[in-house]
Amino acid sequence: MELLCPAGNLASLKSALNAGTDAVYLGLKNDTNARSFAGLNFTPAKLKQAVDYTKAQGKKVFLTLNTFPKPGEEQRWYQAVDIAASNNIDALIVADLSLLDYAHSKYPDLPLHLSVQASATNLGALKLYKEEFNIERAVLPRVLSMKQVRDLAKVTPVDLEVFAFGSLCIMAEGRCHLSSYVTGQSPNTGGSCSPAKHVRWQEEGNSRLTRLNEVLIDKSNIDEQMGYPVVCKGRYTTQGNMDPEYLLESPTSLNTLSLLPELARANVVSLKIEGRQRSPAYVEQVTRVWRQAIDTYLANPEQYRVQSEWNRALDKVSEGQTTTLGAYERTWQ
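Being a predicted model, the structure only gives us computed values, none of them experimental.

What counts, and where the lines are drawn
- Residue numbers run consecutively from 1 along every chain, following the written order of its sequence.
- Given that this is a predicted model, residues contribute local features only at a pLDDT of at least 70 and side-chain atom pairs are listed and counted only at 80 or more, while totals for whole chains, interfaces and linings are drawn from all residues.
- Side-chain metrics in this entry use all non-hydrogen atoms of the structure; hydrogen atoms and water are not considered.
- Whether two strands pair depends on DSSP finding at least two bridges between them.
- Numbering of helices and strands runs from the N terminus, with a helix taken as a DSSP run of H or I at least four residues long and a strand as a DSSP run of E at least two residues long.
- In this scheme, a residue with accessible area under 20% of its type's maximum is buried, one over 50% is exposed, and one in between is partly exposed, where area comes from a 1.4 Å probe on protein chains only.
- The arc in question is the one traced by the directions running from the helix axis out to the C-beta atoms.
- By definition, residues are in contact when any of their heavy atoms lie within 4.5 Å.
- To count toward a patch, a residue needs a relative accessible area above 30% and no salt bridge. Like charges then connect within 9 Å, nonpolar side chains (Val, Leu, Ile, Met, Phe, Trp, Tyr) within 5 Å.
- Where accessible areas are quoted, they stem from the Shrake-Rupley method and a 1.4 Å probe; at the residue level, only the protein chains shown are allowed to cover.
- Any Lys or Arg side-chain nitrogen found within 4 Å of a carboxyl oxygen on Asp or Glu counts as a salt bridge.
- Whenever a helix is involved, its axis is fitted only over the stretch in contact; in every case the axis is a line through C-alpha atoms, and angles between N-to-C directions fall within 0 to 180 degrees.
- Whenever two N or O atoms come within 3.5 Å, that pair is a polar contact, provided that in protein one can donate a hydrogen and the other can accept it, and provided that, for residues adjacent in sequence, both atoms are side-chain atoms.
- The cut-offs work like this: below 35 degrees is roughly parallel, past 145 is roughly antiparallel, 65 to 115 is roughly perpendicular, and the gaps in between are oblique.
- Any two rings among Phe, Tyr and Trp, with Trp reduced to its six-membered ring, count as a pair given centres within 6.5 Å; such a pair is stacked if its planes are under 30 degrees apart, edge-to-face if over 60, and tilted if neither.
- To sit over a ring, a charge needs its Lys NZ or Arg CZ within 6 Å of the ring centre and within 35 degrees of the ring normal.

**Student:** Would you mind going over the pairing of strand 12 (residues 241-246) with me for this structure?
**Tutor:** Where a strand is regular, its side chains alternate between the two sheet faces. Judged from the three bridges that link them, strand 11 (residues 235-238) and strand 12 form a sheet pairing that is antiparallel. Residue Y236 lies in a different strand from strand 12, and its bridge partner there is E245. Taking the residues that link successive antiparallel strands as the turn, the strand 11-strand 12 hairpin has two residues.

**Student:** Looking at this structure, how should I read helix 6 (residues 146-155)?
**Tutor:** Since there are 3.6 residues in each turn of an α-helix, residues three or four apart along the chain are aligned in direction. For helix 6, the set of buried residues is M146, V149, L152 and A153. One side of helix 6 carries all its buried residues, which in axial view fall inside an arc of 130 degrees. Buried residues along helix 6 sit against helix 5 (123-133), strand 7 (159-167) and helix 9 (260-265).

**Student:** So what exactly am I meant to see when it comes to a nonpolar patch on the surface here?
**Tutor:** Together, I170, L247 and L248 give the surface a local cluster of nonpolar side chains, amounting to about 250 Å² of exposed area. Along the polypeptide, I170 turns up in the loop between strand 7 and helix 7 (177-183).

**Student:** Just checking my understanding: could you explain the sheet that holds strand 9 (residues 207-212) for this structure?
**Tutor:** Strand-to-strand pairing in sheets goes through backbone hydrogen bonds, with the strands running parallel or antiparallel. One open sheet holds the three strands; their spatial order is 8-9-10, and the pairing between them is antiparallel. Because the sheet does not close on itself, it has two edges, and the strands there are strand 8 (199-204) and strand 10 (215-221). Pairwise comparison of adjacent strand axes, ignoring direction, gives a mean angle of 20 degrees for this sheet. In terms of strand pairing, strand 8 meets strand 9 through six bridges, oriented antiparallel. Counterpart to V199 in the pairing with strand 9 is L212.

**Student:** Can you help me understand the pairing of strand 14 (residues 270-273) in this one?
**Tutor:** Side chains S270 and K272 project from strand 14 onto one buried face, and the interleaved L271 and I273 project onto a second face that is buried too. In the sheet, strand 1 (residues 2-6) pairs with strand 14 via three bridges, with the strands oriented parallel. Within strand 14, the position partnered with E2 by the bridge is S270.

**Student:** Help me out: how do you make sense of the side chain of T287 in this one?
**Tutor:** Looking at the element boundaries, T287 is found in helix 10 (residues 280-299). One polar contact links the side chain of T287 to the main-chain carbonyl oxygen of V283, over a distance of 2.6 Å. Beyond its immediate chain neighbours, meaning those up to four positions away, T287 contacts L3, C5, A16, A19, G20 and T21.

**Student:** Help me out: how do you make sense of the pattern of salt bridges in this one?
**Tutor:** Pairing between side chains of opposite charge can happen when their charged atoms approach one another. Following the criterion strictly, the structure yields 18 salt bridges and no others. The salt bridge partner of R291 is D22, with a shortest N-O separation of 3.2 Å. Of this pair, R291 sits in helix 10 while D22 sits in the loop between helix 1 (10-19) and strand 2 (23-26), and the two are 269 residues apart along the sequence. Through salt bridges with shared partners, one network takes in E2, R137, E161 and K272.

**Student:** Please explain the packing of helix 1 against helix 2 (residues 44-56) as it appears in this structure.
**Tutor:** Two numbers describe how helix 1 lies on helix 2: the axes approach to 11 Å, and their chain directions differ by 10 degrees. In terms of orientation, helix 1 and helix 2 fall into the roughly parallel class. Residue-level inspection shows L10, L13, K14, L17 and N18 of helix 1 in contact with helix 2, the latter providing Q49, A50, Y53 and T54.

**Student:** Quick question: what am I supposed to make of the environment of L178 here?
**Tutor:** Turning to its location among the elements, L178 is positioned in helix 7. Taking the C-alpha atoms as reference, L178 lies 32 Å from L10; in sequence the two are 168 residues apart.

**Student:** Explain the environment of L100 to me, please; I cannot follow it from the model alone.
**Tutor:** With respect to the element layout, L100 can be found in helix 4 (residues 97-106). Taking the C-alpha atoms as reference points, L100 and F68, separated by 32 residues in sequence, lie 11 Å from one another. With residues up to four places along the chain from it excluded, the contact list for L100 reads V94, A95, L112, L114, Y129, F133 and I135.

**Student:** Mind showing me how you'd approach the packing of aromatic side chains here?
**Tutor:** Each aromatic ring pair is specified by the distance between its two centres and by the angle formed by the two planes. If you walk through the whole model with that rule in mind, you get five aromatic pairs. Centre to centre, the rings of Y78 and Y102 are 4.5 Å apart; their planes meet at 20 degrees, and the pair counts as stacked. You can see Y78 sitting in helix 3 (residues 74-86) and its partner Y102 sitting in helix 4, a full 24 residues away along the chain. Taken together, a centroid distance of 6.4 Å and an interplanar angle of 35 degrees make the contact between F165 and Y282 tilted. Here F165, found in strand 7, pairs with Y282, found in helix 10; they are 117 residues apart in sequence, far enough to count as distant. If you follow K14 out to its NZ or CZ, it ends over the ring of Y53, 5.2 Å from the centre. Over the face of the ring belonging to Y25 we find K272, whose NZ or CZ atom lies 4.5 Å from the ring centre.

Shape descriptors only; they carry no functional weight alone.
And the structure:
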């Protein structure tokens, strides 16, 4: 199985490669990708440098083109496809139909992976994308149970990639109505679910107030470790309870180390690590653990066991320092 790790910048890319990843995924420095934060991503010149560096080590580079073009501004997304093709990218990760059509028509030899943002969860969808755009791989949304992944893997016409570790999404991937309601932008229209220009922190006595577009979404102790603010992971009061609680989703990270044998038996070809917005230290730590886990499994599948030190290392870089199997563990299905 391929280990696919995030590269928000050149330092993270080098960290992933040094720690043993098989491939990296990255984005251009604009809103054509869903991690459009200041200080992240690659200019065309930096992209060429990243591709040359990665390929020199015999590894692969995938470019994320996973937002949806704004009306009248499509040319920026088409140019991103051209840039990918000219840089000999190993695959383009795309969600939008018009971009899939453009890439497939103009560059038929450019491998296409269907982004998780397309939310393809069934055989009919995968067959359509295969027949119309000849996609080679689909990234499955983080809403499927393990049984659903297994059932789909038996009949899929394309390779399957799943998220193995990192942030969860409780909405339809990338289409966050919560974020749109508060900021006017969702990941697929603005490149991030909480655009930095809307984020405000305010200290009040021993408390820190977190606001998103002037909407109060959290209040924490000034010494408490906080992640990047998003609406779904804020704490709120209700009519019946004035003590702030995580009402939608608590800070936690997906961790599928225990499912690695099942994912392998289902012929999942790629395990994806979320976190292009995270630090090089995060990328290095997570990549190293997953490299060890995959190699341990491949060396002796029958004897594979999750090592306690792996989980301890991942817990330290997880949101809220806790992890979950998310939708994978819906055993009642």
